[in-house]
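Here's the letter readout for the chains.
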Amino acid sequence: MKKFLRYILAIVLLLYFLATFMVSPILDRQLNLVEYSDPRQLGAEAQELYNSLEFIADLHCDALLWDRDLTQKLDYAHLDFPRMQKANMSLQAFTIVTKSPKGQNFKQNSAGAFDNITMLNFVQGQLPDKWFSLYKRAEYQARALQKYQGKLDVKFFLVKSRQDLKKLIESKQADPEVIGGFLGIEGAHCLEGNLENVQNLYYEGVRMMAPTHFFDNELGGSAHGLSGAGLTDFGQEVIQEMNRLGIIIDLAHVSPKMMDEILDQTTRPVLVSHTGVKGTKDSPRNLSDHHINRIAASGGLIGIGFFRGAIKGEIKHIVEAIKYVRDLVGIEHVALGSDFDGAATTPIDVTGLPFIVQELMDQGFSDLEIRAIMGGNVKRFLMEQLP
Ligand SMILES: [Zn+2]
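Residue positions are given per chain, counted from 1 along the sequence in the order it is written. The predicted nature of this model means local features are confined to residues of pLDDT at least 70 and side-chain atom pairs, given and counted, to a pLDDT of 80 or more, with totals for whole chains, interfaces and linings taken over all residues.

Enquirer: What is the right way to look at the overall build of the protein in this model?
Expert: Under the DSSP-based scheme used, a helix requires at least four consecutive residues in state H or I and a strand at least two consecutive residues in state E, with every element numbered from the N terminus. Scanning the protein from terminus to terminus reveals 14 helices and eleven strands. Here, residues touch in the contact sense if the C-beta positions derived from the backbone fall within 7 Å of one another. The long-range fraction of contacts in the protein, counting pairs at least 24 apart against all pairs at least 6 apart in sequence, stands at 73%.

Enquirer: What am I meant to see in the pairing of strand β6 (residues 206–210) here?
Expert: Regular strands have side chains that alternate between both faces of the sheet. The exposure scheme places C-beta atoms from the backbone and then counts, for each residue, the other C-beta atoms within 10 Å of its own, assigning buried at 20 or more, exposed at 12 or fewer, and partly exposed in between. The element β6 is largely enclosed, with a buried count of five among its five residues. Criterion used throughout: strands pair if DSSP finds at least two bridges between them. Pairing of strand β5 (residues 179–186) with β6 involves four bridges; the strand directions are parallel. When the bridges of β6 are listed, Leu-183 appears paired with Val-206. Both β6 and strand β7 (residues 248–249) contribute to a ladder of two bridges, which runs parallel. Among the inter-strand pairings, Met-209 is bridged to a residue of β7, identified as Ile-249.

Enquirer: For this particular structure, what's the right way to read the sheet that holds strand β8 (residues 271–275)?
Expert: Remark on secondary structure: sheet strands pair via backbone hydrogen bonds, oriented parallel or antiparallel. As summarised here, the arrangement of the three strands in space is β8-β9-β10, forming an open sheet in which the pairing is parallel. Edge positions in the sheet fall to β8 and β10 (334–336), since each of these pairs with one other strand and no more. Geometrically, the sheet is characterised by an average inter-axis angle of 25° between neighbouring strands, direction not taken into account. As judged from the three bridges shared by β8 and strand β9 (residues 301–304), these two strands associate in the parallel manner. Bridge pairing in β9 places Thr-275 opposite Ile-304. Most of the contacts of helix α12 (residues 315–329) go to β9, to which it runs at about 165°, and overall it touches β9 and β10. A fitted line through C-alpha atoms represents every axis, and for helices the fit uses only the stretch in contact; the resulting angles, taken between N-to-C directions, go from 0 to 180 degrees.

Enquirer: Would you take a moment to explain the pairing of β9 for this structure?
Expert: The alternating pattern of β9 places Leu-301 and Gly-303 and Ile-302 and Ile-304 on opposite faces, both of which are buried. Each parallel crossover has a hand, and the one from β8 via helix α11 (residues 289–297) to β9 is right-handed. Looking at chain direction, β9 and β10 are connected through three bridges and run parallel. Among the inter-strand pairings, Ile-304 is bridged to a residue of β10, identified as Leu-336. Seen with the strands pointing away from the viewer, any crossover whose path from the first strand over the helix to the second strand runs clockwise is right-handed. Handedness of the crossover is the feature at issue here: the chain leaves β9, passes through α12, returns alongside β10, and the resulting connection is right-handed.

Enquirer: Would you explain unusual backbone geometry in this entry?
Expert: Glycine aside, the phi torsion of most residues is negative, and most peptide linkages are trans. We note that Glu-192 has phi near 55°; this positive angle belongs to a residue other than glycine. Within the secondary structure layout, Glu-192 lies in the loop between β5 and α8 (196–203). The class for Glu-192 is partly exposed, based on 15 C-beta atoms found within 10 Å.

Enquirer: Honestly, the packing of α8 against helix α9 (residues 233–245) in this entry has me stumped. Any pointers?
Expert: How two helices sit against one another is set out by the angle between their axes and by the gap between those axes. The contact between α8 and α9 brings their axes to 9 Å, and the two run at 35°. The crossing of α8 and α9 is right-handed. Contacts from Val-198, Gln-199 and Tyr-202 of α8 reach α9 at Val-238, Glu-241, Met-242 and Leu-245. When residues are grouped by polarity, Ala, Val, Leu, Ile, Met, Phe, Trp, Tyr, Cys and Pro land in nonpolar, Asp, Glu, Lys and Arg in charged, and all others, Gly among them, in polar. Its residues placed into classes, the contact of α8 with α9 shows five nonpolar, one polar and one charged. The handedness criterion is simple: a crossing whose near helix is rotated anticlockwise from the far helix by less than a right angle is left-handed, and one whose near helix is rotated clockwise is right-handed.

Enquirer: Can you help me understand the environment of Leu-145 in this one?
Expert: Residue position: Leu-145 is located in helix α6 (residues 134–146). Overall, Leu-145 belongs to the buried group, with 20 C-beta atoms counted inside 10 Å. It is 21 Å that separates the C-alpha atoms of Leu-145 and Gln-385, two residues lying 240 residues apart in sequence. Residues contacting Leu-145, with those up to four places away along its chain left out, are Leu-64, Phe-94, Leu-158, Gly-181 and Leu-183.

Enquirer: What am I meant to see in the environment of Leu-245 here?
Expert: Mapped onto the elements of the fold, Leu-245 is located in helix α9. With 15 C-beta atoms counted inside 10 Å, the residue Leu-245 sits in the partly exposed group. Measuring from C-alpha to C-alpha, the distance between Leu-245 and Pro-387 comes to 7.8 Å, with 142 residues separating the pair along the chain. If we skip the residues at most four places from it in the chain, Leu-245 touches Val-198, Gln-199 and Tyr-202.

Structural measurements only, silent on function.
This is the structure:
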């Protein structure tokens, strides 16, 4: 009997060991899709303009969630370092997701629902500290990106300051294969209700943070939570601390009430790293004109997402949303906020960015406007806001 139990245990352990190599890539492949139905071609003029862009940037990507080796080029999902290099990107925001409720949707989610990321971390073979601590998950993902910095043959810069950004730009001028990243957080529940963790995450290199994600947390209400609440006292303290340290406030996913209260309180410009606009797609995920106006008035940036939910699904819809923001508040407030690898379906992977330039040209945007959208605005904003 004892021998039999030992035999069963060995099989279970072997299966778990195999699962840690196989399950995460399978989910990654199934959940981060590229799908489109519009015919597309890239003219020589658009390609030439794309090639001449000196700074291409995107405000949102969840690649760290999948525990990949980013130096390896994949034939699935949306982004890795080789594909960033092929796309001539300068800077990508790598955002950290620490909790995702089962049945996640844009309408209503409970904080108490079973957490998909607990299971994901388990099948990734993560140590038990990550099964139970949201802070440890954030720390692990931040360090996973830090590790690439300074690695031989990996031309990656982690940007934590204006000085780093300048260094990145200079290095890329000398060597086009140089790429950069900066760290963001999607949902400040990973602070675990401890104000000191804001500073701890700052030391881990985090320079942008969204107060909520898909459910209400210690800071206040999510756009997809149950309460629709505004900022809590703890939320106010976190906002002040972020302003003090120079961590950029990302308003993606917060409730409309909380958005107004943060805008009342913040002493710095805010951004929305990945969103759509209600003016082109009416969804609880998307920004109202009122909020677009207020974010622009703060001196902020609006990153237009490529995923269904933010837009209807094709490249022309991304550009429609960009145009909507430009016409309402001006070109200097628009950026790209793809949501690559965010368990999202998008019409392109990162190497498809030239198609956006083509569509921008087709919809009448000028060269100067295209440069601003594709990265110029992000560069200016970070030059002003990074420590
Ligand atoms: Zn998101």
